[in-house]
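# Notes for the structure review
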Amino acid sequence: MTQSPRQLVFDLPVQAASGEGDFLTSTSNRAAVDVLASWPHWPHPCIVLVGPQSSGKSHLAAVWAQRTAAPRLIARELDETAIRPFTPEPFTPESTMALLVEDIDRGIGSDRVLFHLLNQALELKRTLLMTSRVAPGDLDIALPDLRSRLRATPVITIEPPDDGLIGAVLVKLFADRQLSVEPAVISYLLTHMDRSMAAAGAVVARVDALSLARQRKVTRAMAADALAIEFNPKDETE
């Protein structure tokens, strides 16, 4: 019997919801949510938000930055221009009371600039939020003063997600792709997939691709196929 050609699948961008109301809270991230929400009444002007890849720390940091009007800087791109927002009073058009520096674990453009920002936050009573996938004590920092200052900075940790959070994330990720799934599909995925946000994102993307290719709604069997492909990529062409 002649097989019908497979549906072509185009890698189209997915519009993910990322506002404050879209952040999913559970016991794994409640402490981080509560501390960031307490701004500007922080016990310390500098905080490091630590969490694994795809744990939601960038989403949570973005919500905080929007709420505080904090400029967002990438750690590996830090240079002398990053010092301007923390200039002393009187404020300039670039001045700010809060600053976000993301991904300090992925390289720091200038150790001296980050050390200066930490000092300015302390001296000028500003606030500095940094994000990292690992604790500051595990970072390879060349500048001794910065290494010491980061290790003394309070850390908020996003813990590994529980089943309730992973399930809610799966529902959200499917909704971001305009896919409606039955509870049985979510339950099956929770039972068989790795417990991580990264795994949730990969599996949902795979299910979406299979649904498009087969021109069928998402089923438990399709979810099983998606998991098999993720764990055994060779199965994709068999």
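This brings us to the environment of Leu78. Relative to the helices and strands, Leu78 resides in the loop between strand S2 (72–74) and strand S3 (98–102). By relative accessible area, which is 5% here, Leu78 ends up buried. Apart from residues lying up to four places away in sequence, Leu78 is in contact with Leu73, Val101, Ile108, Gly109, Ser110, Val113, Leu114 and Leu117.

Turning our eyes to something else, we now look at the packing of helix H5 (residues 163–176) against helix H7 (residues 197–214). Taken N-terminus to C-terminus, the directions of H5 and H7 make an angle of 35 degrees; their axes are 10 Å apart at the nearest point. Crossing handedness for the pair H5 and H7: right-handed. On the side of H5, the interface is formed by Leu165, Ile166, Val169, Leu170, Leu173 and Phe174, while H7 contributes Met197, Ala200, Gly201, Val204 and Val207. A breakdown of the residues in the contact of H5 with H7 according to their chemical character gives 10 nonpolar, 1 polar and no charged.

A few words now on the confidence of the model for the chain. The predicted model of the chain averages 84 in pLDDT, with 83% of residues at 70 or higher. Looking across the chain, the model is least confident in H5, with a mean pLDDT of 89, and most confident in strand S1 (residues 46–50), with 97. Taken together, the stretch residues 1–21 has pLDDT below 50 and engages in 22 contacts with residues farther than four places along the chain or on a different chain. Here residues 234–238 is a poorly scored stretch, pLDDT under 50, and it has 4 contacts once near neighbours within four places are set aside; other chains count.

Another aspect to go through is the pattern of salt bridges. Scanning the model with the defined rule gives 7 salt bridges in all. For Asp163, the salt bridge identified is with Arg195, shortest N-O distance 2.6 Å. Linking Asp163 in helix H5 with Arg195 in the loop between helix H6 (183–192) and H7, this pair joins segments that are 32 residues apart in sequence. Note on Asp163: relative accessible area 40%, which makes it partly exposed. Residue Arg195 is classed as partly exposed on the basis of its relative accessible area of 40%. The partner of Arg177 in a salt bridge is Asp208, with the nearest N and O atoms 2.8 Å apart. Of the two residues, Arg177 is situated in the loop between H5 and H6 and Asp208 in helix H7; the sequence distance between them amounts to 31 residues. Looking at Arg177, the relative accessible area reads 24%, which means it is partly exposed.

Ordered in space as S2-S3-S4-S1-S5, the 5 strands form an open sheet in which the pairing is parallel. Here the strands that pair on one side only, and so sit at the sheet edges, are S2 and strand S5 (155–157). Adjacent strand axes in the sheet meet at a mean angle of 20 degrees, parallel and antiparallel pairs treated alike. As paired strands, S2 and S3 are joined by 3 bridges and run parallel to one another. For Arg72, the partnering residue across the bridge sits in S3 and is Leu100. Along the sheet face, helix H3 (residues 111–124) touches S1, S3 and strand S4 (127–132) and points at about 140 degrees away from the line of S4.

Turning our attention to the nonpolar core. Core analysis: the largest hydrophobic core is formed by 26 residues, its most contacted members being Leu170, Phe174, Leu189, Met193, Val207 and Val218. Counting residues per element, the ones that place at least two in this core are H5, H6, H7 and helix H8 (220–231). The residues contacting Leu170, other than those within four sequence positions of it, are Ile186, Leu189, Leu190, Met193, Ala200 and Val204. Counting residues in hydrophobic clusters, the runner-up holds 25 residues, among them Ala75, Leu99, Leu139 and Leu143.

This part takes up the packing of aromatic side chains. Taken as a whole and judged by the stated rule, the model has 2 aromatic pairs. Between Trp39 and Trp64 the ring centres are 6.4 Å apart and the planes differ by 90 degrees, which places this aromatic pair in the edge-to-face class. Here Trp64 lies in helix H2 (residues 57–68) and Trp39 lies in the loop between helix H1 (30–37) and S1, a separation of 25 residues in the sequence. Ring plane angle 20 degrees and centroid distance 5.5 Å describe the contact between Trp42 and Trp64, whose orientation is recorded as stacked. One end of the pair, Trp42, is in the loop between H1 and S1; the other, Trp64, is in helix H2, with 22 residues separating them in the sequence. Comparing Trp42 with Trp64, the two get one shared label, buried. Counting every residue linked through ring pairs, the aromatic cluster contains Trp39, Trp42 and Trp64.

How each quantity is defined
Residues numbered from 1 in each chain as written. Predicted model: local features only at pLDDT ≥ 70, side-chain atom pairs only at ≥ 80, totals over all residues. Heavy atoms only, no water. Helix = DSSP H or I, 4+ residues; strand = E, 2+ residues; numbered from the N terminus. Buried < 20%, exposed > 50% of the residue type's maximum accessible area, 1.4 Å probe, protein only. Contact = heavy atoms within 4.5 Å. Axes fitted to C-alpha atoms, helices over the stretch in contact; angles between N-to-C directions. Left-handed = near helix turned anticlockwise from the far one by under 90°. Nonpolar A, V, L, I, M, F, W, Y, C, P; charged D, E, K, R; others polar. pLDDT = per-residue confidence, 0-100. Salt bridge = Lys/Arg side-chain N within 4 Å of Asp/Glu carboxyl O. Pairing = 2+ DSSP bridges. Core = buried A, V, L, I, M, F, W, Y, C linked by side-chain atoms within 4.5 Å. Phe/Tyr/Trp six-rings, centres within 6.5 Å; stacked < 30°, edge-to-face > 60°.

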